[in-house]
Amino acid sequence: MPTIKNVCVFCGSNHGYDPQFLEQTNALGTYLAHHDHPVVYGGGKEGLMGAIATSTMAAGGQVIGIIPTFLRELGLAKDDVTTFIETATIG
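Residues numbered from 1 in each chain as written. Predicted model: local features only at pLDDT ≥ 70, side-chain atom pairs only at ≥ 80, totals over all residues. Heavy atoms only, no water.

Caption draft 1: Here's a closer look at the nonpolar core. In terms of nonpolar packing, the biggest core is built from eleven residues, these being Val9, Cys11, Leu32, Val39, Tyr41, Leu48, Met49, Ile52, Ala53, Val63 and Val81. Broken down by element, this core gets its largest block of residues, four residues, from helix 2 (residues 47-58). Residue contacts for Val9: discarding those within four places in its chain leaves Val39, Val40, Tyr41, Gly42, Met49 and Ile52. (Core = buried A, V, L, I, M, F, W, Y, C linked by side-chain atoms within 4.5 Å. Buried < 20%, exposed > 50% of the residue type's maximum accessible area, 1.4 Å probe, protein only. Helix = DSSP H or I, 4+ residues; strand = E, 2+ residues; numbered from the N terminus. Contact = heavy atoms within 4.5 Å.)

Caption draft 2: Unusual backbone geometry, seen in detail. Notably, Asp36 is not glycine yet its phi reads approximately 55 degrees, a positive angle. Relative to the helices and strands, Asp36 is located in the loop between helix 1 (19-34) and strand 2 (39-41).

Caption draft 3: Structural context of the environment of Asn26. Within the element layout of this structure, Asn26 appears in helix 1. Since its relative accessible area comes to 29%, Asn26 is described here as partly exposed. For Asn26 and Leu48, which are 22 residues apart along the polypeptide, the C-alpha to C-alpha distance reads 8.5 Å. Ignoring anything within four residues of it in the chain, the contact list for Asn26 reads Ala51 and Ser55.

Written out as structure tokens, the structure reads:
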């Protein structure tokens, strides 16, 4: 069985209506950090996207954020992650 290197996470840009969404997202970030699985995600600072990055970093993990320039220019980027990549477009 291949070894997991990175885990790509796609989740909401808001927290949703159920507090368990945020709790489980934070638990996942902590788990991934403790098991040496870097997180690759959409680079945002809001909602569950921001929460997965924050919880992973807080637990000592690595986070790779990838975001298009137009979202960074709107102030939506979380650029204090391990690796931050800005792209010209989404596609």
